[in-house]
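# Per-entry structural report
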Amino acid sequence: MESIEEKVRLVQSGEIGHFRAIVETYQKQIYAYCCRLLDSEHEAEDALQEIMVKAYENIDRYRPTFSFSSWLYKLAYHHCITLLRRQKVRARAYRLLRSTEAEKSAEEIVSDRVFGEPLRSALLAVKPEERNLLVLRVFEERSFQEMADILDMRTDTVKKRYERLRRKLGKLMKEREEGEECGRRAKSWTIRN
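This report concerns the structure included in the present document. (Residues numbered from 1 in each chain as written. Predicted model: local features only at pLDDT ≥ 70, side-chain atom pairs only at ≥ 80, totals over all residues. Heavy atoms only, no water.)

## Things to note about helix α7 (residues 128-139)
Owing to its 3.6 residues per turn, the α-helix brings residues three or four apart onto one side. Filter applied, for reference: Each residue's exposure class comes from its accessible area (1.4 Å probe, protein chains only) as a fraction of the maximum for that residue type: buried when under 20%, exposed when over 50%, partly exposed otherwise. Secondary structure elements follow DSSP: runs of H or I no shorter than four residues count as helices, runs of E no shorter than two count as strands, and numbering proceeds from the N terminus.
Within the span of α7, buried status applies to E130, R131, N132, L133, L134, V135 and L136. Positive phi shows up at E141, right after α7, with a value of about 55 degrees.

Dropping the structure here:
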């Protein structure tokens, strides 16, 4: 059985039929990664297709200085960050044009049930770059070295940013819990009086 690196070399040499095996190997992982970053199954499906097309078009640029998997995740990361930035601009424009609040989408309802509101809230409370660190480390179980390769950073920098993020999330979760506890106390107080 050929390794992924061997299949990549074959595709680079013109045997494009091997790209299908590469897609089959990584499509579930990249989809899950995109889904967590974009917080939308539909957008993750579209992103997956676009990322695989980019990977095919740019496979000649891949050099085995680090793993193909890290290279592919790097493509996915940059693609998702671009999409998130566009979403942010669109959301601002939409809020300016409409003053009413929209209903939750089906993807948001599923996401709430699958990931749970506390985790989802914590992920959405941090910047996309920070969310990416968490997704790569926790959900994708990437090593700090792989994360450094994907993000074009030094390993020490990735470790420091991840540790800062852990402290930040801990603080956010603690504040949320205290706020909920305070809300429960206030509610019980008003009921008794």
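## Description of the layout of surface pockets
We apply this condition: Here a cavity is any set of points on a 1 Å grid over the protein atoms alone where a 1.4 Å probe fits but cannot get out, and a pocket is any open set with protein on both sides within 12 Å along at least 5 of 7 lines; a residue lines the site when it has an atom within 4 Å of a point. Grid points are joined across faces, edges and corners, and a volume is the space filled by probe spheres set on the points. Think of it as three bins: nonpolar holds Ala, Val, Leu, Ile, Met, Phe, Trp, Tyr, Cys and Pro, charged holds Asp, Glu, Lys and Arg, and polar takes everything else, Gly as well.
If you add up the space inside the second largest pocket, you get close to 240 Å³. Together, Y77, K127, E129, E130, L133, L151, M153, R161, R164, L165 and K168 line the second largest pocket. Put simply, the parts of the chain that give the lining of the second largest pocket at least two residues each are α7 and α9 (155-192). For the lining of the second largest pocket, the residue count by class is 5 nonpolar, no polar and 6 charged.

## A closer look at the packing of aromatic side chains
Counted only if it meets this: Two aromatic rings, drawn from Phe, Tyr or Trp (for Trp, its six-membered ring), form a pair once their centres lie within 6.5 Å of each other, and the interplanar angle then sorts them: stacked below 30 degrees, edge-to-face above 60, tilted otherwise. Whether a charge lies above a ring is judged from NZ of Lys or CZ of Arg, which has to be within 6 Å of the ring centre and within 35 degrees of the ring normal.
Applying the stated rule across the entire model yields 7 aromatic pairs. Ring centres of Y26 and F68 lie 5.9 Å apart, and the angle between their planes is 55 degrees; this geometry places the pair in the tilted category. Within this pair, whereas Y26 is found in helix α2 (residues 19-38), its partner F68 is found in helix α4 (residues 68-97), the two being separated by 42 residues in sequence. Of the residues examined, Y26 reaches a relative accessible area of 8% and is grouped as buried. Each ring, one from F68 and one from W71, has its centre 5.4 Å from the other, and the planes form 35 degrees; the classification is tilted. Of the two residues, F68 and W71 both sit in helix α4, 3 residues apart, roughly one turn of that helix. For the pair F68 and W71, a shared accessibility class is recorded, and that class is buried. Put simply, the rings of Y26, Y62, F68 and W71 touch in pairs and so form one group of aromatic residues. Here the guanidinium or amino end of R137 rests over the ring plane of F144, the centre of that ring lying 3.9 Å away.

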